[in-house]
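Okay, here's what each chain looks like letter by letter:
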Amino acid sequence: MEPEILADLAARIDPSHCAMLIIDMQKDFCTAGFKAERAGRDLSMAQAAIPRIARLLEGARAAGALIVHVGFGTEPDHGSDSGPWLAQRRRATFSADDLCLTGTEGAEFVDELAPRRGELSVRKRRYSAFTGTDLDLLLRAQRIRSIICCGVSTNACVETTARAGFELDYYIVVPPDACGSWDRELHEGTLRNINHRFGLTPGIDEVLAVWAGKSTKQEAAQ
């Protein structure tokens, strides 16, 4: 028997079963003077994404969607590094061994997107927010069926989380204007691939319009 399919955007981002994942919007990745910029990374797309994600976040809060703040963390003295992970990290563009070191200011979420009471927070050690974390358990406990992935970097942590989520049978939504990378070609290529194979890529305004319609219908029903 064919399973139920949530065919369109409105069905997929219904706040009753949708979570917004804000991925790696931390000072080391997004703030001038911190480690990614010191390594030579262009922060312009990440910084431009902050107010856009803030708009989406306020819409998600108003609609009643689940909010999950996902942050990367590195343990001191390579406590969270394996050989393969560290070897590839050292080949990566504009990176460093100690990005978002546990207990440092660089690991903190940017002020504009700081978690509020009641919102979930997950710390990861790899690109995917699902690898070695309890994210899947937390989402299933809340009966989440769809996830909106936003943050940085589009072609690394956002993409890997979206792919992993799809493989775990979540509907995937990735708004292009709520993501950022240091490389626009990688950003755009990733989004084309996600739209082709893994999920939907509507803009923030389209997502907010759906939620505004949901809110209007709920108010009318009351």
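This text goes with the structure placed above it.
Residues numbered from 1 in each chain as written. Predicted model: local features only at pLDDT ≥ 70, side-chain atom pairs only at ≥ 80, totals over all residues. Heavy atoms only, no water.

**Q** So what's going on with the nonpolar core? Residues and values would help.
**A** Membership of the largest hydrophobic core comes to 35 residues, with the highest contact counts inside it found for Ile13, Met20, Ile22, Met25, Ile53, Leu56 and Trp211. Among the secondary structure elements, those contributing two or more residues to this core are β1 (18-23), α2 (27-30), α4 (44-63), β2 (66-72), β4 (146-152) and α9 (204-221). Leave out the neighbours within four places in its chain, and Ile13 touches Cys18, Ile148, Val173, Val207, Val210 and Trp211. In this structure, Ala19, Leu21, Leu66 and Ile194 belong to the second largest nonpolar core, which totals 24 residues. (Core = buried A, V, L, I, M, F, W, Y, C linked by side-chain atoms within 4.5 Å. Buried < 20%, exposed > 50% of the residue type's maximum accessible area, 1.4 Å probe, protein only. Helix = DSSP H or I, 4+ residues; strand = E, 2+ residues; numbered from the N terminus. Contact = heavy atoms within 4.5 Å.)

**Q** Kindly report on the pattern of salt bridges, identifying the contributing residues and their values.
**A** Per the counting criterion, the structure on display carries 13 salt bridges. Here Arg116 makes a salt bridge to Glu58, at a shortest N to O gap of 3.4 Å. With Arg116 in the loop between α5 (83-89) and β3 (120-124) and Glu58 in helix α4, this residue pair connects regions lying 58 residues apart in the sequence. Between Arg90 and Asp97 there is a salt bridge, and its shortest N-O distance comes to 2.7 Å. Overlapping salt bridges bring together Glu58, Arg61, Arg116 and Glu119 as one network. (Salt bridge = Lys/Arg side-chain N within 4 Å of Asp/Glu carboxyl O.)

**Q** Could you give an account of the environment of Ala164, naming the residues involved and the relevant values?
**A** Examined against the element boundaries, Ala164 turns out to sit in helix α7 (residues 154-167). For Ala164, a relative accessible area of 21% corresponds to the partly exposed category. Separated by 34 residues in the primary sequence, Ala164 and Phe130 place their C-alpha atoms 6.8 Å from one another. Look past the residues within four positions of Ala164 in its chain and what remains in contact with it is Ser128 and Phe130.

**Q** For the pairing of β2, give the residues involved together with the corresponding values.
**A** Of all 7 residues making up β2, 7 are buried, and the element is well covered by its neighbours. Of the two faces of β2, both are covered, the one formed by Leu66, Val68, Val70 and Phe72 as well as the one formed by Ile67, His69 and Gly71. Looking at chain direction, β1 and β2 are connected through 5 bridges and run parallel. Bridging from a neighbouring strand, Leu21 pairs with Val68 of β2. One ladder, built from 5 bridges, connects β2 with β3; its direction is parallel. When the bridges of β3 are listed, Val70 appears paired with Val122. (Pairing = 2+ DSSP bridges.)

**Q** So what's going on with the side chain of Arg89? Which residues, and what values?
**A** Topologically, Arg89 is positioned in helix α5. Of the side chains with opposite charge, Asp97 lies nearest to the buried Arg89, which makes no salt bridge, at 6.7 Å. Engagement of the side chain of Arg89 in a polar contact is seen with the side chain of Ser95, the distance being 3.2 Å. Contact partners of Arg89, with chain neighbours within four places excluded, come to Phe72, Ser95, Ala96, Leu99 and Tyr127. (Lys, Arg positive; Asp, Glu negative; His and termini not counted. Polar contact = N/O pair within 3.5 Å; in protein donor to acceptor, adjacent residues only side chain to side chain.)

**Q** Break down the packing of α7 against helix α8 (residues 184-198) for me, citing the residues and quoting the values.
**A** Orientation of α7 relative to α8, taken along the N-to-C sense of each, is 10°, at an axis distance of 10 Å. Relative to α8, the element α7 is oriented roughly parallel. Residues Thr154, Asn155, Glu159, Ala162, Arg163 and Phe166 of α7 form the contact with α8, whose participating residues are Leu186, His187, Thr190, Leu191, Asn193, Ile194, Arg197 and Phe198. Of the residues contributing to the contact of α7 with α8, the split by class is 6 nonpolar, 5 polar and 3 charged. (Axes fitted to C-alpha atoms, helices over the stretch in contact; angles between N-to-C directions. Parallel < 35°, antiparallel > 145°, perpendicular 65-115°, else oblique. Nonpolar A, V, L, I, M, F, W, Y, C, P; charged D, E, K, R; others polar.)

**Q** A description of the environment of Arg55 should follow, citing residues and the corresponding values.
**A** Mapped onto the elements, Arg55 comes out in helix α4. The spacing of Arg55 and Leu208 is 153 residues in sequence and 8.7 Å in space, taken between C-alpha atoms. Sequence-distant contacts of Arg55, that is, excluding residues within four places in its chain, are made with Ile204, Asp205 and Leu208.

**Q** Kindly report on the state of the cysteines, identifying the contributing residues and their values.
**A** What is meant by a disulfide is a covalent connection between two cysteines, made through their sulfur atoms. The full count for this structure, using the stated rule, is 0 disulfides. For Cys30, which is in no disulfide, the shortest distance to another cysteine sulfur is to Cys100 and amounts to 8.7 Å. The class of Cys30 is buried, set by a relative accessible area of 2%. Of all cysteine sulfurs in the structure, the one in Cys179 sits closest to Cys150, which takes part in no disulfide; the separation is 6.3 Å. Residue Cys150 is classed as buried on the basis of its relative accessible area, which comes to 0%. (Disulfide = S-S within 2.5 Å.)

Shape is all these values report; function is a separate question.
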